[in-house]
Amino acid sequence: MSVATNKVRKDIEISEKGRQRKKEITEATLQIIIQSGVQGVTHRAVALEAGVQLRLTTYYFKDKEDLINEAFIHFTEEGKFLMAGFLELAYEHLEKLNVLGKSNLTSKNRKSICETFSALASEFLIHNLKYERDHIAVQQAFLNEAIENPLVRELHKRHRKRLVDNVIDICKIANKIDPEIDAEIFVNAFEKMEHEGICTPVNELDNIKYEAMVHKLISWMIM
């Protein structure tokens, strides 16, 4: 791509109308990924979904990879990786329990944190499996795309590091010996429950099983 073309694309992004149009095309790309996976993303399919002329998608995005990369960035910037919501709630409750900054936790505090986190995480997981299935599917699609796409791989790596770092902070509050490893295990286990859970019809979800699994995971992480 020429320097002149690059300049045009930058000018488009500065324009408010251009930003809005790009956002609509990017969100249409996410809808295509939900419906057909990453392999379903084409300029023509996205233009149809966005309700715009084909020339507009090629004007803002040079190729399919550009569409996919921008969709991933939009997905993370909009806070649609769902575990971030759980972490926000977790820190709110830590503040209420007045344990932030303490070097040692009493057994009473530890139990209180465990029960609170278990309830929060269970509710959050079940909510996601019932009402946020499309977003979990998109997250899985981007993970699959990261295997072959170096840019998505790097973006996913940075996003995941931020996510794990937040969990590491929680593990440190619980005085775990290896908070980095504990955080990786927690994130992996939670995401696996999400990805496997969306394969089960909503009316067949076993809430009690998920609550027990989450409680076991949180207890191991904190107690």
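None of these values were measured; they are calculated from a predicted model.

What counts and how
- Starting from 1, residues in each chain are numbered consecutively following that chain's sequence as written.
- Thresholds applied to this predicted model are a pLDDT of at least 70 for local features of residues and 80 or more for the giving and counting of side-chain atom pairs; totals over whole chains, interfaces and linings are not thresholded and use all residues.
- Excluding hydrogens and water, the side-chain figures rest on all heavy atoms present in the structure.
- Segments assigned H or I by DSSP are reported as helices when at least four residues long, segments assigned E as strands when at least two residues long, and all are numbered from the N terminus.
- Buried residues are those whose accessible area, probed at 1.4 Å on protein chains only, stays under 20% of the maximum for their type, while exposed residues exceed 50% and partly exposed ones sit between those limits.
- Pairs of residues are marked as contacts when any of their non-hydrogen atoms sit within 4.5 Å.
- Here, Shrake-Rupley sampling with a 1.4 Å probe gives the accessible areas, and only protein chains in the shown set may cover a residue.
- The term salt bridge refers to a pairing of a side-chain nitrogen on Lys or Arg with a carboxyl oxygen on Asp or Glu at a separation within 4 Å.
- Centres within 6.5 Å are what make two rings of Phe, Tyr or Trp a pair, Trp counting through its six-membered ring; a difference in plane orientation under 30 degrees is then read as stacked, over 60 as edge-to-face, and the rest as tilted.
- The span one expects for a helix is its residue count, reduced by one, times 1.5 Å.
- Note on method: axes are straight lines fitted to C-alpha atoms, helices fitted across the in-contact stretch only, with angles between N-to-C directions ranging 0 to 180 degrees.
- For classification purposes, an angle smaller than 35 degrees is called roughly parallel, one larger than 145 roughly antiparallel, one from 65 to 115 roughly perpendicular, and anything else oblique.
- With the far helix as reference, a near helix turned anticlockwise by less than a right angle produces a left-handed crossing, and one turned clockwise produces a right-handed crossing.
- In this count, Pro and Cys sit with the nonpolar residues alongside Ala, Val, Leu, Ile, Met, Phe, Trp and Tyr, while Asp, Glu, Lys and Arg are called charged and the others, Gly among them, polar.
- As used here, the term nonpolar core means buried Ala, Val, Leu, Ile, Met, Phe, Trp, Tyr and Cys residues forming a set that is joined through side-chain atoms within 4.5 Å.
- Two N or O atoms count as a polar contact when they lie within 3.5 Å, although within protein this holds only if one can serve as hydrogen donor and the other as acceptor, and sequence-adjacent residues are included solely when both atoms are side-chain atoms.

(A) Layout of the overall build of the protein. The helix and strand inventory of the protein stands at 11 helices and 0 strands. Going residue by residue from the N terminus, the α and β elements of the protein occur as α-α-α-α-α-α-α-α-α-α-α. In the protein, buried positions account for 44% of the 223 residues. Restricting to contacts in the protein with at least 6 residues of sequence separation, those with at least 24 account for 71%. Surface summary for the protein: the accessible area is close to 12,400 Å², and the carbon and sulfur share equals 52%.

(B) Focus on the pattern of salt bridges. Evaluation of the coordinates by the stated rule reveals 6 salt bridges. Between Arg-160 and Glu-191 there is a salt bridge, with the nearest N and O atoms lying 2.8 Å from each other. A residue pair is termed long-range when its members are at least 10 positions apart, and Arg-160 in helix H9 (residues 150-173) and Glu-191 in helix H10 (residues 179-197) qualify at 31 residues. When sorted by exposure, Arg-160 lands in the same class as Glu-191, which is buried.

(C) Highlighting the packing of aromatic side chains. For the structure on display, the rule yields 4 aromatic pairs. Note on Tyr-59 and Tyr-60: the rings are 5.5 Å apart at their centroids and 75° apart in plane angle, and the pair reads as edge-to-face. Judged by its relative accessible area of 42%, Tyr-59 is partly exposed. Judged by its relative accessible area of 11%, Tyr-60 falls in the buried class. Here the aromatic rings of Phe-72 and Phe-142 are separated by 4.9 Å at their centres, their planes lie at 90°, and the arrangement is edge-to-face.

(D) Fine view of helix H11 (residues 207-222). In a regular helix each residue adds 1.5 Å, so 16 residues correspond to 22 Å; H11 covers 22 Å between its end C-alpha atoms and thus fits that length. Buried residues of H11: Tyr-210, Val-214, Leu-217, Ile-218, Ser-219, Met-221 and Ile-222, and no others. Check the buried side of H11 and you find it contacts helix H7 (107-131), H9 and H10.

(E) Summary view of the packing of H9 against H10. Between H9 and H10, the least distance of the axes is 8 Å, while the angle of their chain directions is 120°. As summarised for this structure, H9 and H10 are arranged oblique, according to the angle between their axes. Seen from above, H9 lies across H10 with right-handed handedness. Side by side, H9 and H10 meet where Arg-160, Leu-163, Val-164, Val-167, Ile-168, Cys-171 and Lys-172 of the first sit next to Pro-179, Glu-180, Asp-182, Ala-183, Glu-184, Phe-186, Val-187, Asn-188 and Glu-191 of the second. Taken together, the residues that form the contact of H9 with H10 break down as 9 nonpolar, 1 polar and 6 charged.

(F) How the structure looks around the nonpolar core. In this structure, Phe-86, Phe-117, Val-167, Phe-186, Ile-218 and Ile-222 are the most contacted members of the largest nonpolar core, which totals 34 residues. Of all the elements in the fold, those that place two or more residues in this core are helix H6 (83-97), H7, H9, H10 and H11.

(G) Representation of the environment of Leu-125 within the structure. With respect to the secondary-structure elements, Leu-125 resides in helix H7. Separated by 66 residues in the primary sequence, Leu-125 and Glu-191 have C-alpha atoms spaced 9.3 Å apart. If we skip the residues at most four places from it in the chain, Leu-125 touches Phe-190, Met-193, Glu-194, Tyr-210 and Val-214.

(H) Examining the side chain of Thr-29 more closely. Residue position: Thr-29 is located in helix H2 (residues 16-36). A distance of 2.9 Å separates a polar side-chain atom of Thr-29 from the backbone oxygen of Ile-25. In this structure Thr-29 touches Val-41, Val-46, Leu-67 and Ala-71, once residues within four positions along its chain are discounted.

(I) How the structure looks around the packing of H10 against H11. One way to put it is that H10 packs onto H11 with a least axis distance of 10 Å and a crossing angle of 175°. On the basis of the axis angle, H10 is roughly antiparallel to H11. Contacts from Asp-182, Ile-185, Phe-186, Ala-189, Phe-190, Met-193 and Gly-197 of H10 reach H11 at Tyr-210, Met-213, Val-214, Leu-217, Ile-218, Trp-220 and Met-221. The residue makeup of the contact of H10 with H11, split by class, is 12 nonpolar, 1 polar and 1 charged.

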